[in-house]
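Okay, here's what each chain looks like letter by letter:
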Amino acid sequence: MAANPGVSASMMPLDDIVVLDLTKMMAGPICTQYLADLGAEVIKVEDTGIGDDMRNMPPFVGDDGAMFVAVNRNKRSIALDLKTPEGQAAVRALARRADVLVESYATGVTDRLGIPPGLLRAEDPRLIYCSISGFGRTGPLAKRPAYELILQAFTGIMSVTGEADGPPLRIAFSPLDQTTGIHAATGILAAIRRRDRTGEGAYVEASLLDTATAFLAWHAQSWWETGELPRRMGSAHGSLCPYQAFRVADGYILIAVGSDRLWGALCDALGMPGMRDDPRFRTNADRVRHFAETVALVQQAVVRHPLAHWLALFEAAGIPAAPVNTIDRLLSEPQLEQSGMIMHYQHLGGAMRAIAYPVAIDGLPRAVRRPPPLHGEHTDEILAEAGYTADDIAWLRGAGIAGRRGRP
């Protein structure tokens, strides 16, 4: 699809950076999308068959899955058969004009495809080669298949997620995939900064295993200090109390008492000032020791009135609280439109919305300069930019090496 008019990449932080994107699914594409949002030119390399697997996951926007659309804006797409020498040569040609290459193949695949980091970095020592994987590229688990849910289970994240008397639960929004993509982008940015000083590229690694382990840092520290395994606590917090969702007359409210001062304010707001100085509840440590009693007393108080009553009362008292919203209520929140987190653009002849990169720099507009590409949409123009002639491109297409199979 054509770029949206009136939206420019000029003066964006990465507007002089070219990224070759050999990733699919979630972690890699969100990494490269954020680089694109910061102004980088991103060329997405897909196979000539189905392309990125997320194109085929419902619900759909045209022929593409909504998940694909959510993490592939501001990119162009080229379709190549990397199992052929000619396809591999084309990727190496693209890599020679790129600043950054990001791949998320299974361990060992880049060697079979003739695009390992050693080879490509030897051809261009300034290249920043980023590898995203499930368990890392070295070590005894390097070749183990991995998806988000596998790592949530393997690392113990599911063991601490869910209600105390319920089964382990999956965190629904794929935090490991998304945050691994963010960590990869951070590493790439650091490597670019170092290259500015030294002229040398870098090999950057990020994995879902390392991301998950980093998420568990304070759980790990607690285990090392106490020898006690963290347990599932629903919405509650093992070191703060009360700090969780409570049922009110018409739904749920989240109350976050992060200090003893806020505890006193909550006691007053609930009409139970005597709890403020009760030795069982006076300090946060006291309340954690008497966790069940604290939670039960707060629950008994708040269930008597509806959500709107408590939200107004707590706001007036300066007590952090929030409704437990559904996604539709979040997306109708005026704050998001005001901040620019909801972007509007045209795609497939209709109006579309997207969630923005969650960082604003100097007030620069967060915008969709290009809608998510169709599969192989820019194959010819990308090959031409890499030095291929019209006859070369026609031959590659005729041989089934370039372009989406079954499409002109």
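These remarks concern the structure in this document. These numbers were taken from a predicted model, which means no experiment stands behind them.

What counts and how
- Residues numbered from 1 in each chain as written.
- Predicted model: local features only at pLDDT ≥ 70, side-chain atom pairs only at ≥ 80, totals over all residues.
- Heavy atoms only, no water.
- 1 Å grid on protein atoms, 1.4 Å probe; cavity = no way out; pocket = protein on both sides within 12 Å on 5 of 7 lines; lining within 4 Å.
- Points joined across faces, edges and corners; volume = space filled by probe spheres on them.
- Nonpolar A, V, L, I, M, F, W, Y, C, P; charged D, E, K, R; others polar.
- Core = buried A, V, L, I, M, F, W, Y, C linked by side-chain atoms within 4.5 Å.
- Buried < 20%, exposed > 50% of the residue type's maximum accessible area, 1.4 Å probe, protein only.
- Helix = DSSP H or I, 4+ residues; strand = E, 2+ residues; numbered from the N terminus.
- Contact = heavy atoms within 4.5 Å.
- Pairing = 2+ DSSP bridges.
- Right-handed = clockwise from strand over helix to strand, strands pointing away.
- Salt bridge = Lys/Arg side-chain N within 4 Å of Asp/Glu carboxyl O.

What follows covers empty space enclosed by the protein. Evaluation of the coordinates by the stated rule reveals 2 cavities of 30 Å³ or more. A volume near 120 Å³ is recorded for the largest cavity. Lining the largest cavity are 14 residues, and of these Met12, Asp37, Val359, Pro365 and Arg366 sit closest to its centre. When the residues that make up the lining of the largest cavity are grouped by side-chain class, the tally is 11 nonpolar, no polar and 3 charged.

Glancing now at the nonpolar core. It is characteristic of soluble globular proteins that their nonpolar side chains tend to be buried jointly. Among the nonpolar cores identified, the biggest contains 38 residues, and Val19, Leu35, Val100 and Ile188 are the most heavily contacted of them. When contributions to this core are tallied by element, the ones reaching two or more residues are α1 (27-37), β6 (100-103), β7 (128-133), α7 (175-198), β8 (202-207) and α8 (208-215). Excluding its chain neighbours within four sequence positions, the residues that come into contact with Ile188 are Cys31, Leu35, Val100, Val102, Ile128, Cys130 and Val204. Residues Val18, Leu22, Ala98 and Ile382 belong to the second largest nonpolar core, which totals 29 residues.

Each regular strand displays side chains that alternate between the two surfaces of the sheet. Burial of strand β2 (residues 41-46) is extensive: 5 of the 6 residues sit out of reach of the surface. Pairing geometry for strand β1 (residues 18-22) and β2, over 4 bridges, is parallel. Paired with Val19 across the two strands is Val42, which belongs to β2. Read from β1 through α1 to β2, the crossover connection turns out right-handed. When β2 meets strand β5 (residues 75-79), the two strands line up parallel, connected through 5 bridges. By the bridge assignment, Ile43 is partnered in β5 with Arg76.

Glancing now at the layout of surface pockets. Its volume calculated, the second largest pocket comes out at about 740 Å³. Taken together, 28 residues form the lining of the second largest pocket, with Trp218, His219, Pro230, Arg231 and Gly238 sitting closest to its centre. Contributing elements (two or more residues each) for the lining of the second largest pocket: α7 and α9 (217-226). Considering only residue class, the lining of the second largest pocket consists of 16 nonpolar, 10 polar and 2 charged.

On to helix α10 (residues 260-269). Here α10 lies mainly inside the structure; 7 of its 10 residues are buried. For α10, the set of buried residues is Leu262, Trp263, Gly264, Ala265, Leu266, Cys267 and Ala269. On the buried face of α10, the contacting elements are β10 (251-256), α11 (284-289), α12 (291-302) and α13 (307-317). Downstream of α10 by one or two residues, Gly271 has phi in the positive range, about 75°.

Attention now goes to the pattern of salt bridges. If you walk through the whole model with that rule in mind, you get 19 salt bridges. For Glu385, the salt bridge is made with Arg76, and the minimal N-O distance between the two is 2.8 Å. Remark: Arg76 occurs in strand β5 and Glu385 occurs in helix α16 (residues 379-385); sequence separation between them is 309 residues. On the accessibility criterion, Glu385 (38% relative accessible area) is partly exposed. Taking the shortest distance from any N to any O, the salt bridge between Arg276 and Asp268 comes out at 2.4 Å. With relative accessibility at 30%, the residue Arg276 sits in the partly exposed group.

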